[in-house]
Amino acid sequence: MELNEVLRFADEKVFSTTGKHLDDLQEAILKEVLQGRKYATRVAQDRDCSEGYVRVAASELWKILSDVFGEEVSKVNVRAILERAKFYTNFSPTIGSENVTVNNNLNVCQERARSPTEAQNPQQTPTQLHIDLGDSPEIFTFFDRTSELSTLENWITQDRTRLIALLGISGIGKTTLSLALIDRIKTQFDYVIYRSLRFSPTLDATLTNLLQIFSQQSEISQNIETKIAQILDYLRKNRCLIVLDDVQMLLGSGQLAGQYKTGYEDYQLFFKLIAEVCHQSCLILNSWEKPREIARLSKYHHPVRCLVLGSLGEAAKEILNSQKLSDEETWSTLIDIYQGNPLWLEFTATLIRELFGGRVSEFLHCEMPILDEGLQSQLSQPFGRLTPAELAVMVHLANQPEPLAVSQIFNKIQFSPSEIVNAVRSLGNRFLLDAVEREKITLFSLNPVLKQYVKTQYLSNRSN
Ligand SMILES: Nc1ncnc2c1ncn2[C@@H]1O[C@H](COP(=O)(O)OP(=O)(O)OP(=O)(O)O)[C@@H](O)[C@H]1O
Ligand SMILES: [Mg+2]
């Protein structure tokens, strides 16, 4: 959209609400920001005034625009908000009245939504479907997860959820499930994109990568704010399903769960904008650690949801079957011990096949659980991130025969009650604790695999 066009639109909206036009200084600030430039120095130089003065004027301008557009406007989102508002102003008269609430409050999402029935109808396949799954793993077998697939599909197609976090401990099947979901609902979208963040790309690199898919040959801006605005624009104009996998790689180590590493904090703002700004697309984030803003946003914002993946249940027997294990009557016990975690069961099934002739009952006669080396190295990743207080809680719980309330850990380890409470909550956000409710008290414990891992890694010297 042309710069002057956006400026004129902003001025008209401000005038129609306040009865005053934007003054020269406000217009100059807006012009610089809309071009993605650092406005303060340039405007101050042009007008021979201090940068502080310009900043104060800018903050008043964002307040005025926030009142006019009914949502918080700042230099980061002003372009996206103005373009969106202008888009809907132009667009509204052509939208079928059955799909639209005529409403001047631009906070209300007025995109030309495909109705759920339309979305589910395969006849309505968009004219051109762009699929770019990048380096996603090929899925050879996929068992069950029927209810999870239906839940995700409903959130996306019926509820128009804009941001979904698919969470759960490593190996539980997040990548596999998201790819199965893509396969199931891809025809309802214009763009379907999968990217893994396993090498911790910066936000700038991820945005550039997405824009290359959307814009093909057109030029990509160097400015990150413009890139965000452009992405939001694509998400508004097209129905897109984007899966960003391995989001935990953006999160830090040695600090409580869900905090971004230095240099990656801007992802937080990007995800927040995806949740808050009105568009017709869905972003799925896969992670074995719950990012902070997801925990917060999912409490207050309807278009944000979390799905925590648990055991594969009975369907995990297919994994044992595919490894040609015997003693089928004992398989449920094996699945329970290994938490129905497909990856943990794959490691263990291979071990049983190679060293126990495939006989599950013979394996179960050993002291349980036995942890394959691959499984241990898998677990070393989340454990490597724990804070000293989190590790102390895990070690304490690993030594307990029964689940404990948080208060029962106080004074048992060398950390203050606040540190213990925060550590327990953080461990929950890493999916490393089991919680049960008994007589209105929450009790915490470790599952057998994690208990064994902690004993092997952190307590073996003491027990010798
Ligand atoms: N529903 C399923 N049916 C069959 N196999 C599955 C299923 N879910 C997961 N698996 C298998 O379990 C293994 C781990 O799955 P996946 O990589 O999807 O886990 P993840 O949660 O993404 O792990 P991470 O957090 O480490 O990336 C893979 O080998 C996958 O093939
Ligand atoms: Mg994965």
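Cut-offs and rules
Residues numbered from 1 in each chain as written. Chains lettered and ligands numbered in written order. Predicted model: local features only at pLDDT ≥ 70, side-chain atom pairs only at ≥ 80, totals over all residues. Heavy atoms only, no water. Near = heavy atom within 4 Å. Polar contact = N/O pair within 3.5 Å; in protein donor to acceptor, adjacent residues only side chain to side chain. Areas by Shrake-Rupley, 256 points an atom, 1.4 Å probe, with all protein chains shown as cover. 1 Å grid on protein atoms, 1.4 Å probe; cavity = no way out; pocket = protein on both sides within 12 Å on 5 of 7 lines; lining within 4 Å. Sits in = over half its atoms within 2 Å of the grid points. Helix = DSSP H or I, 4+ residues; strand = E, 2+ residues; numbered from the N terminus. Nonpolar A, V, L, I, M, F, W, Y, C, P; charged D, E, K, R; others polar. Domains from an automatic or database assignment. Buried < 20%, exposed > 50% of the residue type's maximum accessible area, 1.4 Å probe, protein only. Pairing = 2+ DSSP bridges. Axes fitted to C-alpha atoms, helices over the stretch in contact; angles between N-to-C directions. Parallel < 35°, antiparallel > 145°, perpendicular 65-115°, else oblique. Left-handed = near helix turned anticlockwise from the far one by under 90°. Contact = heavy atoms within 4.5 Å.

Draft legend 1. Fine view of the site of ligand 1. Not every one of the 18 residues close to ligand 1 is listed here, only the nearest: Phe 143, Ser 170, Lys 174, Thr 175 and Thr 176. Lys 174 places a side-chain nitrogen or oxygen 2.7 Å from an oxygen atom of ligand 1. For ligand 1, the protein covers 83% of the area, taking 630 Å² as the surface of the free molecule. Comparing atom positions with the cavity grids shows ligand 1 to sit within the largest pocket. Secondary-structure elements contributing two or more residues to the shell around ligand 1 are α8 (174–185) and α15 (342–355). Per-class residue counts for the shell around ligand 1 are 7 nonpolar, 7 polar and 4 charged. Each of domain 2 (129–308) and domain 3 (317–364) gives at least three residues to the shell around ligand 1.

Draft legend 2. Local environment of the pairing of strand β3 (residues 191–196). With 6 of its 6 residues buried, β3 lies for the most part within the structure. The alternating pattern of β3 places Tyr 191, Ile 193 and Arg 195 and Val 192, Tyr 194 and Ser 196 on opposite faces, both of which are buried. Examined bridge by bridge, strand β1 (residues 130–132) and β3 share 3 bridges and lie parallel to one another. Among the inter-strand pairings, Asp 132 is bridged to a residue of β3, identified as Ile 193. Pairing analysis gives 6 bridges linking β3 to strand β4 (residues 240–245), with the strands arranged parallel. For Tyr 191, the partnering residue across the bridge sits in β4 and is Cys 240.

Draft legend 3. Expanded view of the packing of helix α3 (residues 39–47) against helix α4 (residues 51–69). Interhelical geometry of α3 versus α4 gives an angle of 115° and a closest axis separation of 8 Å. By the angle between their axes, α3 is roughly perpendicular relative to α4. For the element pair α3 and α4, the recorded crossing hand is right-handed. Here α3 contributes Tyr 39, Ala 40, Thr 41, Val 43 and Ala 44 to the contact with α4, which in turn contributes Glu 51, Val 54, Arg 55 and Ala 58.

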